[in-house]
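Spelled out, the chains give:
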Amino acid sequence: MVKEPTSNPAAGGHGRGTTLWRGLVATLVLLGAAFAQTRSPCFATVVGPDGKPIVGAEVTCAFSPDPVQPWRADVVRATTDARGRAKCDLLVGRPYVAWAIGPADGSGFRWSSQPLPLVGVGRVFDLRAGDKCASRQVPVASLAPWREAGAAGLRWFPVQGLHVFVDLPLPAGDTVELPPSLQTTGCLAVHDAKGELLVATTVAEGAPVEKAFGAPVAVAMQVVDTAGAPVAGATIEYEVPCGFSTSMFTARYRGLTTRCVGTTDDAGKLPGYVTKAPGRWGILVTAGKPGWSCDHAAVEGAGNIRFTLGKAPPVAVRVVGTKDAAVDFAALGSFQVARRDSVLFGHRRLSQEAHGKSWLLYGAAEVVSPRLRLATSVPTLVVTNFVGVTAGGCVLDLADTTNVSLRVLGVDGGPACAVLGVFRLEEGAPLPWEGVLATDVGGRAATLVPPGDFFVYATNGSAHALARLDRERTTPLELHLAALPTMRVLVRDATGKPVAGAHAVACLGRVGRTLADLMDNQWRRMAFACCPAYTSLARSGRDGVLEIPVFLHEGYEANVPISGAVGQSERFPLKAGGAKEVVLR
């Protein structure tokens, strides 16, 4: 699939990347400007705890980038009509998270739903706004040091890992008033005058609990070349975690925002602050400059940091074999930082400059992981191998891939909208997804795969299917969704009253031996990868009944506790079709 180019596809264009050296999210907003993007609607009905429609509720559908889906963020909002219905026009092929929050009543309270993942075009779904929410006071320690370090305001992300936020003023003291928000884990961040995040911390649902920001760490950074001479104009960056991704397919990744500390002066120096990291690993800081290599350091405390950069002209990558389809392209590079007693591994989005179907990658690693999708009549995902790059660049020839058409059918046998994830046959934990996409309104999608063994998993949150991608297939591969079994749990408090809004958390799974049957073994891998996400989807109703989706398979078992506003239960084993009563204390 990778060939040496016969010529540089962007000759003479190497000097135009000086403003493109930024991290993941900052670059993502520039992506897709020339990529043909089609929108189609999904339909939501919002009802209150009494089952009646809520008029004037705001429905939000949000897509946020991650290393598996490094495309620009997209947020769509709509307001429900007199029947409690709203239409949101989403980008075809993207999986979204949806939620609703109703208008304020006479007391200032609002009814909100829980976030619903795996939403795509064509979906028709209900959002039950059963959580009563209002503004709340959260005491925040360690805010004063960030005022001195340049804090200009706060940013509240109501759902951690998603780039949906509202800016708040800095409080006079150390107590922050959060707006009425979903009863879920959010993220509170401090930003500077440019709007860039300085530090962030997660804020759990429920009663206010004092939170503490990591302290600012004063560092003096210097960037030199391989001969020891200063490098001016080098950019220093680090990533500010905004909570873990809410996607079932990428839940192991954190939602990241890149913080630009600044650029070095003529002496190659830059004083500034980074965030003190929890634990002993330190903050990974990157130095880079267009036309140069990158260097990374693990900053564990105040002091001097030295980076060494070498000349590294951009690498040209050209994609061919796509006919007339537009290409959305991104590339990630891996790196490692040696410490006294360990090695830290990381990945970063490579800065790029587009020239039609060619791209210049700045600061490229020796091996990069491309991410591609095509603008075709149905959502199309391109699966690629890791690519070794040279100074001469490379060509990604999609003519070497096989187009496998997919069609998802629901439990009733009709076309169904779902989210698809593709992974390889090789063992690995956690499961390394090669790509994720949502079907169109007819349950259709396509994937271009290179030689090798690949599987595709489809889910809509309540039903799923798994199939092996057959490169020899000439007809669409049909994925027939089968309903997930559930476990019925009755949740009570210490007085015996039913608890509403309780949910399963921290699914603890154990993987047994590798199974002999190929498909059985892949189901086992899938259960390990997705069971925790499924268990967290459901909430108990007013009667305290919680129906937990259960994804188990031979060779994999799991235990969960139930958590709610009044406490947490003991752990118990999940059992498909089982029933249990638990008490929160």
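Below is a summary of the structure that appears in this document. (Residues numbered from 1 in each chain as written. Predicted model: local features only at pLDDT ≥ 70, side-chain atom pairs only at ≥ 80, totals over all residues. Heavy atoms only, no water.)

**Quick notes on the overall build of the protein chain**
Selection criterion: A run of H or I in DSSP counts as a helix once it spans at least four residues, and a run of E counts as a strand once it spans at least two, with each numbered from the N terminus. Residue contacts are defined here by distance: any two heavy atoms, one from each residue, within 4.5 Å place the two residues in contact. Using the Shrake-Rupley algorithm and a 1.4 Å probe, accessible areas are obtained, with residue cover drawn only from the displayed protein chains.
Counting its regular elements, the protein chain contains three helices and 50 strands. Put simply, 67% of the contacts in the protein chain that link residues at least 6 apart link residues at least 24 apart. By element, 52% of the accessible surface of the protein chain is carried by carbon and sulfur atoms, the whole surface being about 24500 Å².

**Thoughts on empty space enclosed by the protein**
Selection rule: Two kinds of site are reported from a 1 Å grid over the protein atoms alone, namely cavities, where a 1.4 Å probe fits but cannot get out, and pockets, open sets with protein on both sides within 12 Å along at least five of seven lines, and residues are called lining when an atom falls within 4 Å of a point. Grid points are joined across faces, edges and corners, and a volume is the space filled by probe spheres set on the points. Any residue that is not Ala, Val, Leu, Ile, Met, Phe, Trp, Tyr, Cys, Pro, Asp, Glu, Lys or Arg is counted as polar, Gly included; the first ten are nonpolar and the last four charged.
With the rule as written, the count across this model stands at five cavities of 30 Å³ or more. For the largest cavity, the calculated volume is near 180 Å³. Every element with two or more residues in the lining of the largest cavity is listed here: strand 3 (58–63), strand 6 (96–101), strand 8 (116–119) and strand 20 (254–263). Of the residues in the lining of the largest cavity, the class split is 12 nonpolar, seven polar and two charged. In this model, the second largest cavity occupies a volume close to 60 Å³. In this structure, the second largest cavity is lined by Val-68, Gln-69, Trp-71, Pro-370, Arg-371, Leu-372, Leu-381, Val-382, Glu-434, Gly-435 and Val-436.

**Some words on the side chain of Glu-353**
Going by this rule: Within 3.5 Å is the distance limit for a polar contact, defined as a pair of N or O atoms, with the added protein rule that one can donate a hydrogen and the other accept it, and that residues adjacent in sequence qualify only through two side-chain atoms.
As for its placement among the helices and strands, Glu-353 is situated in strand 28 (residues 351–355). Of the polar contacts made by the side chain of Glu-353, one reaches the side chain of Tyr-362; its length is 2.9 Å.

**Some words on the sheet that holds strand 5 (residues 85–91)**
The condition is simple: A pair of strands is considered paired only if DSSP assigns at least 2 bridges between the two. A fitted line through C-alpha atoms serves as each axis, taken over the contacting stretch for helices, and the angle formed by two N-to-C directions is quoted from 0 to 180°.
With mixed pairing, the three strands of this open sheet are ordered in space as 5-2-9. Across the chains shown, the open sheet's two edge strands, defined by having one partner strand only, are strand 5 and strand 9 (124–128). Each adjacent strand pair in this sheet contributes to an overall mean axis angle of 35°, direction not counted. In this sheet, strand 9 lies alongside strand 2 (residues 39–47) in parallel orientation, the contact comprising five bridges. Counterpart to Val-46 in the pairing with strand 9 is Leu-127.

**A few points about the sheet that holds strand 24 (residues 303–309)**
With respect to topology, three strands assemble into an open sheet ordered 21-18-24, the strand pairing being mixed. This sheet does not close on itself; its edge strands, each paired only once, are strand 21 (269–275) and strand 24. Averaged over all adjacent pairs, the angle separating strand axes in this sheet is 35°, with direction ignored. Relative to strand 21, strand 18 (residues 216–225) runs antiparallel, the two being bridged by seven bridges.

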